[in-house]
Number of protein chains: 4
Amino acid sequence: MGTTDNTGQSDFQPVFENRVRFAETDQQGIVFYGEYFTFQDEAVSQLFRDIDYDYDRMHEDGWQVHVANTELNYRNAAEFGDVIVNELRVAEIGTASFTVDYRAKRAADDQLLVDGSVTHVAVDLETERPTRVPDAFREGVTAFQGGLPDS
Amino acid sequence: MGTTDNTGQSDFQPVFENRVRFAETDQQGIVFYGEYFTFQDEAVSQLFRDIDYDYDRMHEDGWQVHVANTELNYRNAAEFGDVIVNELRVAEIGTASFTVDYRAKRAADDQLLVDGSVTHVAVDLETERPTRVPDAFREGVTAFQGGLPDS
Amino acid sequence: MGTTDNTGQSDFQPVFENRVRFAETDQQGIVFYGEYFTFQDEAVSQLFRDIDYDYDRMHEDGWQVHVANTELNYRNAAEFGDVIVNELRVAEIGTASFTVDYRAKRAADDQLLVDGSVTHVAVDLETERPTRVPDAFREGVTAFQGGLPDS
Amino acid sequence: MGTTDNTGQSDFQPVFENRVRFAETDQQGIVFYGEYFTFQDEAVSQLFRDIDYDYDRMHEDGWQVHVANTELNYRNAAEFGDVIVNELRVAEIGTASFTVDYRAKRAADDQLLVDGSVTHVAVDLETERPTRVPDAFREGVTAFQGGLPDS
């Protein structure tokens, strides 16, 4: 589905939309900054669904993922009722980890709200030690974004 | 520790305090109404700790709890930085369930913020069916509030 | 759009759907009970949008709403990834308050997850005292569900 | 109160503790990664209180803060009931922004859970444009950690 730009990076792809909930606002009248990590996480989960490799399949295959690092830059504030388009691309798949670039835009005016990334480590379900990201997962990502990121 | 009033109900007892977090406020500038259920839940969890019957011990004894019903009345609004005193009493222990009366007050002026209750059902860890609340738990509650509530 | 059953109550109407987020699960592997109040609140907010009387219009008309009471019964547990259909009907509109019956079902098997209600009080923006629910809001509800609930 | 190490950086100082709530765990049985940003934010808010320059005083002085960037590294997982010690130091105060280094440790075994930082931009309340961080705030930070960070 995806394409690759001339830096070797795939394009961002929208994976899900959510409308800002009242509970997600704070007394500044905007979405609390920590809430975007829930949106980021749902974007990654939707990627997993889109490549037919969700948490259930991970568990069947004996692994799961833990977040090792995450970062966000805040560009514009979202308000209650705003529809947010969450986009991502897999930036890198290493031996036992992968990094996803993530950004969120407001649907109404296409303004960038946040951008950043999250790195997940693949962990063996039994030993809880880092484990190799399976080939089937790598292939799913390749198909998703039209090319495997550098590892 | 507790005492019993002339209705046969024990007094409310403070079990934990929390300071309102910025993330818990909403754009009305007050604590979002759903947040109080997290406070209610922590009050119940602290009761479990206080009677030496926490979730780990439940699991060792083969059961856990599921919420069956909860209700809150909102009396006054709490704001960012307010310290909240969370109080409870066990209102009833049935065969396979128990109901806790809960209320929250603002420490600074002793104003009532919310009051209500939560009913937990005891569930067998394996069968996931309702199971009898163990005697040791009942005895812990009795010791906690100076008398066993009507069952 | 709505119809009225022979008890004088309107039918429940679906107002929005949400997919259970990973962050909404707890260590029991199900949606934390407090999260449903966020879903309940979004259902009510969507009702406001559907009748063209959202928070912005409330503010223009000089009022807002505060939750006075809420209650939920928990029937079945939802898990990560489940799609939830949130339904409601306005049960009663009083002078300065209204009560909404709410329920959530799992889309995949139509199982009831929770049911209950929430009562909002109309509050004057300036005085912060209870104020009459405006006629335009009442008329919006009437149109929404095919008849005005008893007041 | 603070001291400065030979890199010119002040020591981390504990500012508040919190016990992990049941609602903060996810189905992996650990604290959801996004929750730490709420803890980070409370650490910063407590710093503001400790230097007698809280949000109310900011508003009186015509400014507030918006998060511009945040990052966390995840070192160890916290579980339900764990007591977390939240520590910080102000790493840099620029003209219209400041960066706080943050870390969280488990009280029971002093294990590092997360570390990272958050950058706040000072924003004029009326114009919503970046504004100079007031001297009184800078002086509060200096007193807090025994020396002004490089700007």
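The rules behind the values
- Residues numbered from 1 in each chain as written.
- Chains lettered and ligands numbered in written order.
- Predicted model: local features only at pLDDT ≥ 70, side-chain atom pairs only at ≥ 80, totals over all residues.
- Heavy atoms only, no water.
- Helix = DSSP H or I, 4+ residues; strand = E, 2+ residues; numbered from the N terminus.
- Rg over C-alpha atoms; globule rule 2.2 N^0.38 Å.
- Buried < 20%, exposed > 50% of the residue type's maximum accessible area, 1.4 Å probe, protein only.
- Contact = heavy atoms within 4.5 Å.
- Salt bridge = Lys/Arg side-chain N within 4 Å of Asp/Glu carboxyl O.
- Polar contact = N/O pair within 3.5 Å; in protein donor to acceptor, adjacent residues only side chain to side chain.
- Nonpolar A, V, L, I, M, F, W, Y, C, P; charged D, E, K, R; others polar.
- Pairing = 2+ DSSP bridges.
- Axes fitted to C-alpha atoms, helices over the stretch in contact; angles between N-to-C directions.
- Phe/Tyr/Trp six-rings, centres within 6.5 Å; stacked < 30°, edge-to-face > 60°.
- Patch = residues over 30% accessible without salt bridge, like charges linked within 9 Å, V, L, I, M, F, W, Y side chains within 5 Å.
- Areas by Shrake-Rupley, 256 points an atom, 1.4 Å probe, with all protein chains shown as cover.
- Lys, Arg positive; Asp, Glu negative; His and termini not counted.
- Charge placed at Lys NZ, Arg CZ, Asp CG, Glu CD.
- Least-squares fit on C-alpha atoms with pLDDT ≥ 70 in both.
- pLDDT = per-residue confidence, 0-100.

Novice: Would you take a moment to explain the overall build of chain A for this structure?
Specialist: If you tally the helices and strands in chain A, you get 3 helices and 5 strands. For chain A, the N- to C-terminal ordering of α and β elements is β-α-α-β-β-β-β-α. Over its C-alpha trace chain A gives a radius of gyration of 16 Å, about what one expects of a compact globule, namely 15 Å for 151 residues. Dimensions of chain A, computed from C-alpha atoms along their principal axes, come out at roughly 45 × 35 × 20 Å. Across the 151 residues that make up chain A, the buried fraction comes to 57%. Within chain A, residue pairs in contact and separated by at least 24 positions form 67% of the contacts whose partners lie at least 6 positions apart.

Novice: Sorry if this is basic, but what is going on with the interface of chain D and chain B here?
Specialist: Bring the parts together and some accessible area is lost; that lost area is often taken as the interface size. In this assembly, 17 residues from chain D lie in contact with 17 residues from chain B. Where R21(D) meets E24(B), a salt bridge forms, and the shortest distance between an N and an O atom there is 2.8 Å. If you look at where chain D meets chain B, you find 4 residue pairs in polar contact (both at pLDDT 80 or more). At the level of elements, β1 (13-19) and α1 (35-50) of chain D are the ones that each hand at least two residues to the side of chain D that touches chain B. The greatest single-element share of the side of chain D that touches chain B, amounting to 7 residues, is contributed by α1(D). Looking at side-chain class alone, the side of chain D that touches chain B contains 6 nonpolar, 5 polar and 6 charged residues.

Novice: Is there a simple way to think about the sheet that holds strand β4 (residues 97-106) of chain D in this case?
Specialist: The strands that make up a sheet pair up through hydrogen bonds in the backbone, lying either parallel or antiparallel. The strand order across the open sheet built from 10 strands is β1(A)-β3(A)-β4(A)-β5(A)-β2(A)-β2(D)-β5(D)-β4(D)-β3(D)-β1(D), with neighbouring strands paired in antiparallel fashion. For this open sheet the edge positions go to β1 (13-19) of chain A together with β1 of chain D, each flanked by a neighbour on one side alone. Taken pair by pair, the neighbouring strands of this sheet meet at an average axis angle of 25°, ignoring direction. In the sheet, strand β2 (residues 63-74) of chain A pairs with strand β5 (residues 112-124) of chain A via 11 bridges, with the strands oriented antiparallel. Counterpart to H66(A) in the pairing with β5(A) is V121(A).

Novice: So what exactly am I meant to see when it comes to the packing of aromatic side chains here?
Specialist: By convention here, two paired aromatic rings are described through the distance between centres and the angle between planes. All names here are of chain D. A complete count under the given rule lists 62 aromatic pairs over all chains for this structure. Here F98 and F137 contribute two aromatic rings whose centre-to-centre distance is 5.0 Å and whose plane-to-plane angle is 40°, an arrangement assigned as tilted. With F98 in strand β4 and F137 in helix α3 (residues 135-145), this pair connects stretches of sequence that are 39 residues apart.

Novice: Which parts of the structure should I look at to understand a negative patch on the surface?
Specialist: There is a patch of like negative charges on the surface, built from D50(A), D52(A), D54(A), D56(A), E60(A), E128(B) and E79(C). Mapping D50(A) onto the fold places it in helix α1 (residues 35-50).

Novice: How do you make sense of the relation of the copies chain D and chain A when you look at a structure like this?
Specialist: What relates the two chain copies is a rotation about an axis together with a slide along it. Least-squares fitting of chain D to chain A yields an RMSD of 0.0 Å, with the superposition described by an axial translation of 0.0 Å and a rotation of 180°. The two molecules are tied by a two-fold rotation axis, judged by turn and shift. The position closest to the rotation axis in chain D is occupied by the C-alpha of E71(D), lying 2.1 Å away. By residue overlap, the copies meet face to face through one surface: 100% of the interface positions of chain D are interface positions in chain A.

Novice: Help me understand the side chain of T70(C), please; the structure alone is not making it clear to me.
Specialist: Residues and elements named next belong to chain C. In this structure, T70 sits in strand β2 (residues 63-74). A distance of 2.9 Å separates the side chain of T70 from the side chain of Q40, its partner in a polar contact. Within the structure, the side chain of T70 is placed 3.0 Å from the backbone oxygen of S117, a separation counted as a polar contact.

Novice: Hey, could you run me through the confidence of the model for chain A in this one?
Specialist: Close inspection of predicted coordinates is inappropriate for parts of the model with low pLDDT. The pLDDT averaged across chain A works out to 92; a share of 91% of its residues lies at or above 70. Two numbers describe this predicted complex: its pTM, 0.94, and its ipTM, 0.92.

Novice: What's the story with the side chain of K105(C) in this structure? I'm lost.
Specialist: Residue placement: K105(C) occurs in strand β4 (residues 97-106). Although buried, K105(C) forms no salt bridge, and the nearest oppositely charged side chain, D110(C), lies 4.1 Å from it.

Novice: Quick question: what am I supposed to make of the sheet that holds strand β4 (residues 97-106) of chain B here?
Specialist: Spatially, the 10 strands line up as an open sheet ordered β1(B)-β3(B)-β4(B)-β5(B)-β2(B)-β2(C)-β5(C)-β4(C)-β3(C)-β1(C), and their pairing is antiparallel. Strand pairing shows two members of the sheet lacking a second neighbour, β1 (13-19) of chain B together with β1 (13-19) of chain C, which therefore form its edges. Averaged over all neighbouring strand pairs, the angle between strand axes comes to 25°, with direction disregarded. Examined bridge by bridge, β1(C) and strand β3 (residues 83-93) of chain C share 6 bridges and lie antiparallel to one another. Directly across from F16(C), in β3(C), lies its bridge partner N86(C). The sheet strands contacting helix α1 (residues 35-50) of chain C are β2 (63-74) of chain B together with β1, β2, β3, β4 and β5 (112-124) of chain C, and the helix crosses β2(C) at an angle near 135°.

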